Amino acid sequence: MFKIRLVILPCILPSPVAQIKPKIATVSKYTARNQIDLEAFFWSNGRVPAEIASFVFFGSDEGAAATAAAAAYARLAEGSDGWGNETIDGAAATVDEAVEIVGRTISGLQMMNMFGGRKVIWLKGANFLADTPQGARSEAVQQALEELVDTMANLPEETFFVLSAAEVDKRRSFFKKMGSAAEVKEFSKIDTTKPGWEGELSALTLRMAKPLGLGFDNAALDLFIHRVNESTRQISNELAKLDVYLGPERRTVTADDVELMVAVSRNSVVFEISRAIENGNSRLAVRLVNEQLEHGEQGVSIMRAAIVPTVRQRFCARLLIDTYKPDTGNYRAFDAALNRLPAEGRKLLPLKKDGTPNTYGLFNAARTVGKLTLRKARRDLQACAAADKALVSSGLDARDILHKLIVTLTTA
């Protein structure tokens with residue numbers, strides 16, 4: 001009796017395969033203002049555009065890029081049998097590993113689904129597109145990525161590709177070609193070195209908290225954005241912690257909740273020192289300053305990053321309140337009042353790059369000045385100037401100078 005062995009061989013299509021006309025695309029940049037509604041942008045009316053078969057998500061906000069890629073993968077995989085879908089880990093430690101990962105991805109994209117129907121491949125967290133020795137600096141990796149881009153532009157019918165990465169070397173030719181082979185989306189972190197970042201980060205936090213049913217009071221939101229960094233991944237993690245901690249009964253986050261549940265990052269220590277000074281808590285301010293000095297921070301750096309801006313904002317806030325009496329109970333009313341100031345009053349306001357007032361910091365300072373008099377605020381400003389001069393021009397110990405200044409600032 002004859003035995004029949006059935007051998008199923010994968011069908012490898014030669015590249016390129018001109019079955020899908022590539023969409024001419026450019027790199028779209030996303031920040032906190034619009035990155036949350038990305039899924040609706042891609043699939044309006046609930047349908048995947050026929051001319052788009054490849055999607056690339058990258059940027060300094062790695063969490064946002066990964067979230068968008070996961071949403072894309074899930075949406076593209078809807079209706080498929082799942083057998084042809086694959087997630088490939090893009091983490092490579094060497095050039096050989098990077099080339100091997102790209103080769104495996106290309107083979108997967110060129111191989112038709114054995115059972116027919118839609119096929120989706122996600123190259124997840126690729127770390128070799130950046131300007132690193134094991135990444136885009138390597139000629140072997142560059143050549144492999146060039147082949148991947150060519151494959152992306154000519155995918156078989158019903159085959160879709162999603163790529164997520166952190167940094168990408170935009171100078172390389174593979175990236176320049178990528179815009180015409182795929183829908184490319186860049187996600188950038190909020191630049192916390194620029195004026196007005198607090199408003200953007202507050203808006204992002206509230207938008208991310210809304211699906212969880214969470215709300216913040218003003219003090220809690222201000223404390224939260226200064227404790228977390230600008231990464232959407234960390235914001236999401238901290239919101240998840242607060243969600244579990246509050247439970248279904250309570251949905252409004254207070255400052256005490258943030259104090260208890262949200263960790264203080266090293267970058268947020270500057271805000272914590274400022275807040276301690278505003279609240280008159282000299283013991284906490286001294287402890288935080290000591291910790292920074294023990295970590296190797298320079299006294300003058302602490303002075304100019306945490307103390308001087310706080311004292312200056314409080315002086316300006318007190319002067320504005322005494323002179324023009326803006327409403328300090330509501331940010332929008334406060335902002336509108338400052339925008340109506342005469343020319344001499346507007347000179348007191350810090351400005352953004354576009355020339356508009358940066359009123360967020362002043363609003364926070366205005367809420368804390370309380371019984372602070374203009375005379376005391378002026379003396380504090382003079383004490384800061386004297387301490388700053390002592391830090392850079394005297395041989396006195398920075399710890400002693402800062403401690404004495406903190407006591408002066410927190411004493412009525």
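Above this text sits the structure in question.
Read on for an overview of the structure. Keep in mind it's a predicted model, so treat the numbers as computed, not measured. (Residues numbered from 1 in each chain as written. Predicted model: local features only at pLDDT ≥ 70, side-chain atom pairs only at ≥ 80, totals over all residues. Heavy atoms only, no water.)

The tally for this structure, following the rule as stated, stands at six aromatic pairs. Pairing Phe58 with Phe175 gives two aromatic rings, centres 5.6 Å apart and planes at 85 degrees, and the pair type is edge-to-face. With Phe58 in strand S2 (residues 54–58) and Phe175 in helix H5 (residues 173–181), the pair connects residues that are 117 residues apart, well separated along the chain. One exposure class covers both Phe58 and Phe175, and it is buried. On the basis of an interplanar angle of 55 degrees and a centroid distance of 5.3 Å, the ring pair of Phe216 and Phe224 is categorised as tilted. When sorted by exposure, Phe216 lands in the same class as Phe224, which is buried. (Phe/Tyr/Trp six-rings, centres within 6.5 Å; stacked < 30°, edge-to-face > 60°. Helix = DSSP H or I, 4+ residues; strand = E, 2+ residues; numbered from the N terminus. Buried < 20%, exposed > 50% of the residue type's maximum accessible area, 1.4 Å probe, protein only.)

With that out of the way, let us pick up the nonpolar core. Phe57, Leu123, Phe128, Leu129, Leu148, Phe161 and Phe174 are the most contacted members of the largest nonpolar core, which has 49 residues in total. Counting residues per element, the ones that place at least two in this core are S2, helix H2 (62–77), helix H3 (95–110), strand S4 (119–126), helix H4 (139–153), strand S5 (159–165), H5 and strand S6 (183–187). Dropping the residues within four chain positions of it, Leu123 is found in contact with Ile88, Gly90, Ile101, Thr105, Phe128, Leu148, Phe161, Val162, Leu163 and Ser164. Formed by 24 residues, the second largest nonpolar core is a distinct cluster that contains Ile277, Val286, Val311 and Ala390. (Core = buried A, V, L, I, M, F, W, Y, C linked by side-chain atoms within 4.5 Å. Contact = heavy atoms within 4.5 Å.)

A few words now on the layout of surface pockets. In this model, the largest pocket occupies a volume close to 1,200 Å³. Around the largest pocket sit 45 residues that line it, and Trp197, Glu198, His226, Phe271 and Gln313 are the ones nearest its centre. Going through the elements one at a time, helix H6 (197–209), helix H7 (218–227), helix H10 (269–278), helix H12 (299–324) and helix H15 (360–368) are the ones with two or more residues in the lining of the largest pocket. Among the elements that line the lining of the largest pocket, the one with the most residues is H12, at eight residues. Across the lining of the largest pocket, the residue classes break down as 19 nonpolar, 16 polar and 10 charged. (1 Å grid on protein atoms, 1.4 Å probe; cavity = no way out; pocket = protein on both sides within 12 Å on 5 of 7 lines; lining within 4 Å. Points joined across faces, edges and corners; volume = space filled by probe spheres on them. Nonpolar A, V, L, I, M, F, W, Y, C, P; charged D, E, K, R; others polar.)

Now for unusual backbone geometry. Phi is positive for Glu158, close to 70 degrees, though the residue is something other than glycine. When you line up the elements, Glu158 lands in the loop between H4 and S5. At Lys325, a residue that is not glycine, the phi angle is positive and equals roughly 50 degrees. Within the secondary structure, Lys325 sits in the loop between H12 and helix H13 (331–339).

Okay, H6 next. Look at H6: 18 Å from first C-alpha to last across 13 residues, which is about the 18 Å you get at 1.5 Å a residue. Within the sequence span of H6, burial applies to Trp197, Glu198, Leu201, Ser202, Leu204, Thr205, Met208 and Ala209. One side of H6 carries all its buried residues, which in axial view fall inside an arc of 165 degrees. On its buried side, H6 packs onto strand S7 (215–216), H7, helix H8 (232–246) and H15. (Expected span 1.5 Å × (residues − 1). Arc of directions from axis to C-beta.)

Burial analysis of H7 places eight of its 10 residues in the buried class, which makes it a mostly covered element. Taken together, the buried positions of H7 are Ala220, Leu221, Asp222, Leu223, Phe224, Ile225, His226 and Arg227.

This part takes up the side chain of Asp222. With respect to the helices, strands and loops of the structure, Asp222 is situated in helix H7. A polar contact of 3.0 Å, which involves the side chain of Asp222, links it to the side chain of Asn364. Those residues in contact with Asp222 that sit more than four places away from it in its chain are Phe271, Tyr360, Asn364 and Arg367. (Polar contact = N/O pair within 3.5 Å; in protein donor to acceptor, adjacent residues only side chain to side chain.)

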